[in-house]
Number of protein chains: 2
Amino acid sequence: MPISTEHEPTKKHLRELAEDLETGKLAELKHLLHALTPGEIADLLEALKPADRQVVWSLLPSEIAGEVLVELGEEARASLIRKIEETRSEELAEAAGTLDPDDLADILEDLPEKIREQVIRSLSQNDRSRLERVMSFSEDTAGNLMHTDTITVRPDVTLDVVLRYLRRRGELPDLTDSLYVVDINDRLIGILPLSVLLTNPPDKTVRELMITDIEAIPADLSASEVAMLFEHHDWVSAPVVDQKGRLLGRITVDDVVDVIRDEADHTLMSTAGLSEEEDMMAPAAESAKRRAVWLGVNLVTAFLAAWVIGLFEETIQKEVALAVLMPIVASMGGIAGTQTLTLVIRGLALRQIGATNLFVLLNKEVAVAFLNGVLWAIVVGLIAAVWFQAIHIGILIATAMIINLLCAALAGVTIPLLLDRVGIDPALAGGVLLTTVTDVVGFMAFLGLATWWLT
Amino acid sequence: MPISTEHEPTKKHLRELAEDLETGKLAELKHLLHALTPGEIADLLEALKPADRQVVWSLLPSEIAGEVLVELGEEARASLIRKIEETRSEELAEAAGTLDPDDLADILEDLPEKIREQVIRSLSQNDRSRLERVMSFSEDTAGNLMHTDTITVRPDVTLDVVLRYLRRRGELPDLTDSLYVVDINDRLIGILPLSVLLTNPPDKTVRELMITDIEAIPADLSASEVAMLFEHHDWVSAPVVDQKGRLLGRITVDDVVDVIRDEADHTLMSTAGLSEEEDMMAPAAESAKRRAVWLGVNLVTAFLAAWVIGLFEETIQKEVALAVLMPIVASMGGIAGTQTLTLVIRGLALRQIGATNLFVLLNKEVAVAFLNGVLWAIVVGLIAAVWFQAIHIGILIATAMIINLLCAALAGVTIPLLLDRVGIDPALAGGVLLTTVTDVVGFMAFLGLATWWLT
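Now for a description of the structure that goes with this document. Keep in mind the model is a prediction, meaning the values are calculated, not measured.

Scoring rules and cut-offs
Residues numbered from 1 in each chain as written. Chains lettered and ligands numbered in written order. Predicted model: local features only at pLDDT ≥ 70, side-chain atom pairs only at ≥ 80, totals over all residues. Heavy atoms only, no water. Least-squares fit on C-alpha atoms with pLDDT ≥ 70 in both. Contact = heavy atoms within 4.5 Å. Pairing = 2+ DSSP bridges. Helix = DSSP H or I, 4+ residues; strand = E, 2+ residues; numbered from the N terminus. Salt bridge = Lys/Arg side-chain N within 4 Å of Asp/Glu carboxyl O. Buried < 20%, exposed > 50% of the residue type's maximum accessible area, 1.4 Å probe, protein only. 1 Å grid on protein atoms, 1.4 Å probe; cavity = no way out; pocket = protein on both sides within 12 Å on 5 of 7 lines; lining within 4 Å. Points joined across faces, edges and corners; volume = space filled by probe spheres on them. Nonpolar A, V, L, I, M, F, W, Y, C, P; charged D, E, K, R; others polar.

Side note on the relation of the copies chain A and chain B
1) Next: Superposing chain A onto chain B requires a rotation of 180 degrees together with a translation of 0.0 Å along the rotation axis, leaving an RMSD of 0.1 Å. Considering both components of the superposition, the chain copies are consistent with a two-fold axis.
2) Next: Counting the interface residues of chain A, we find that 100% of their copies in chain B are interface residues as well, pointing to one common contact surface.

Points about the sheet that holds strand S3 (residues 188-193) of chain B
In any sheet, the strands associate via hydrogen bonds between backbone groups, in a parallel or an antiparallel arrangement.
All names here are of chain B.
1) Next: Read from one edge to the other, the open sheet built from 3 strands follows the order S1-S2-S3, with strand pairing classed as mixed. Of all strands in the sheet, those bounded by a partner on one side alone are strand S1 (152-153) and S3.
2) Next: As defined by bridge partners, S1 adjoins strand S2 (residues 178-182) across 2 bridges and the pair is classed as parallel. Bridging from a neighbouring strand, Thr152 pairs with Tyr180 of S2.

Some remarks on the pattern of salt bridges
1) Next: Taken as a whole and assessed by the stated rule, the structure comprises 38 salt bridges over all chains.
2) Next: The partner of Arg207 of chain A in a salt bridge is Asp156 of chain A, with the nearest N and O atoms 3.1 Å apart. Of the two residues, Arg207 of chain A sits in helix H13 (residues 206-209) while Asp156 of chain A sits in the loop between strand S1 (152-153) and helix H11 (159-169), which places them 51 residues apart along the sequence.
3) Next: In this structure Arg207 of chain A comes out as partly exposed when scored by relative accessible area, which is 45%.
4) Next: In this structure, Asp265 of chain A engages Arg346 of chain B in a salt bridge whose closest nitrogen and oxygen atoms are separated by 2.8 Å. With one member in each of two chains, Asp265 of chain A in helix H15 (residues 253-271) and Arg346 of chain B in helix H18 (residues 321-349) form a pair that bridges those chains. Assigned by exposure class, Asp265 of chain A and Arg346 of chain B land together as buried.
5) Next: In the salt-bridge network here, residues are joined through shared partners; they are Glu75, Glu278, Arg290 and Arg291 of chain A together with Lys364 and Glu365 of chain B.

What to know about helix H5 (residues 62-71) of chain B
Counting along an α-helix, one turn takes 3.6 residues, and residues three or four places apart therefore face a common direction.
1) Next: Of all the positions in H5 of chain B, only Ile64, Ala65, Gly66, Val68, Leu69 and Val70 of chain B are classed as buried.
2) Next: The inward-facing, buried residues of H5 of chain B contact helix H3 (38-46), helix H4 (50-58), helix H6 (74-97) and helix H7 (101-107) of chain B.

What to know about the layout of surface pockets
With a probe scaled to a water molecule rolled over the atoms, the places where space remains empty come into view.
1) Next: Counted as a void, the second largest pocket has a volume near 400 Å³.
2) Next: In terms of lining residues, the second largest pocket is bounded by 15 residues, among which Gly354, Ala355, Leu358, Leu417 and Arg421 of chain B are the most central.
3) Next: Those elements that provide at least two residues to the lining of the second largest pocket are helix H1 (10-23) of chain A together with helix H19 (358-387) and helix H20 (391-421) of chain B.
4) Next: Broken down by element, the residue count for the lining of the second largest pocket peaks at 5 residues, all from H20 of chain B.
5) Next: Its residues assigned to classes, the lining of the second largest pocket comprises 8 nonpolar, 3 polar and 4 charged.

Below, the structure written as structure tokens:
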């Protein structure tokens, strides 16, 4: 039976790849690479150290070498291209030359000037104008995401004519689930799903059967809105039109899946101050440079907290127990605030938070903070009072904790909303700002209350 | 022109919905709901407070009320069902009755016992066995994800026969891009993409044109592996088979998109100790209860850190500057460690980390930590020395920072790998454990070194 149900996970491929590389079994390596899709190979390359990537790439079948470049993460791609350029710039031009204009657009900027010109020169007039059209839309818009490989039909022909046309034409573009019906001005007037074409009498006309109640995607819609539309409508592909309703191309679900994966990656990596394009195996010096900025930003927060503590040096001198316990107040505020923050960041991504429900949410989060604040304040207060044999320490830390958790909830809701309003990514900056609030309020409340109590 | 390029985002719908609810314009509300997909309505419901959800749900067109339940997050669904059951249990049974068995399986557990039985009794024999089959696979496997609405053809018929069969049959199931070719034992022997059917002469047989070099998905493959296969192969749908290669059903890309979104949500929410099913608008008491556990776990970490500080009470008493500066050492370690941790968590999710590249990665992360450790240690050391007019404070904090950043890198790589090995979700537990390490090491290194220096 030729049907394979063996799914070898990336991890196993990775092991084989590493073995073949180490033992120099290049023939076997080539064999392995032949069995994989460009996406799988890209995943594998990203897991290799830069020197190995170059070796593997040069062994790729030439018809997919370009596609593999397209599938790689931006950073890994840029560094691989730099490496290949030094020794095999001819192969690079060749690989880029195999790409269709829509894919080429994705990597064009990463190509060295010389090769870029060479590749563009070798395009047909038609391909060159397709490339220019895609490049004219800014990144992360529908226009940049679309492919131009649509099949269009006229409304007045019969299904039989369409069927004969398709047979003469041969192969359909990947993920074609609908033909697009356009008028003489190229304006989209309907779509004809293949399923309609296949299940209706051949003598009917396209006009009789085409679906006109559809949403076409404007070319300037953001990629993230496009992804939401696909998710809500379960589309396989959707037409992209310009402001006059003229058909420009189509977006397919495979590219939408990449958008969704990238957005999720972006949110996760941003919370740690990393880029979703971060190359896991980049040289240490490069990684260190990129991450240094994030550490510097967080250092400002840390010094701010230290400065607050410094205000109360005398109090701490009198009662060292305060120094021992103060990180508990700050850290519990940070943890509780991060829960609220994360919930709001997700709600913003799903467009589920607006003026109408903001106060319901804020009330709820403050109520949650109050309930948990009281619960854990009692626990922490009791432990602290017993530990240091001092009831006043217990009362102080309990009160400070409740104050800090309430502020954490307020900050957790308002910070991401404010950042979103001014156009800063809440996933990136939200955490730092929240920690600043919970550290400052935590130390200030605990040490301030103690100072007031002890004098 | 009937083609709409107006894309009203959820936020706008939310505003309209809230206005209609407030002013009691139920007719307009119904009109709005009619224009939306079940996925969009579910997103809107999740943004409403529980009482409003019930009102809106009862206004839904009866043919989509069931689908909306399927699309809701688990927690929001369970609470809505509880509410509806009290007043409108008949409608609930009706809504569930409109679902096909594959969708019904997703919400069956949330239905109250009585309604569950009623719905199952009302199913046809055929539907009941379909339901049982889907329910027999555990959650998050291909078998649970699949639908059973496949179209199968025999290998020996001509395309013409297939075309006539499809016309007689009428409508195809949503997202049908291939027909499945099975032998008399129902074993999958190939697939016939619609594009092949449409672009070849009608007198050819299915056997001549079917694609046999395909990967079928075993029913017990995990949902996350299924998603990777779809991403790497750009599939619209794929057949699911049992161990003997018999066709069981098919998985479509719209469900895979949900898997990808859920997994990403799971990772993000887990880092804050939340569930991806968390209901943003749940009653405060419920949310507080669920989140209390996470705060409790983190409290243990906080007390551990406090205990470490407590070991050095005398030293702090002598030199209060230590208390002022110690959070800087701990927090910078936490930030740097979280960067490594996040990178490794993503690498694990993409199956890009294995025995072969573990040490390359570890070396790189330690090198990054060293470079940034030295850089920021110098900055912090200088500031501290100037602030407290004491060179030894500067030297102490600089040394402690380098130590802590190195430990943070080690912990950032090893903790998620160990957790993954023992089957604990690194996104959930990684952060707490990492912070424990960076807090303990940070305070221990700084205060320990200071104690040794000062005595």
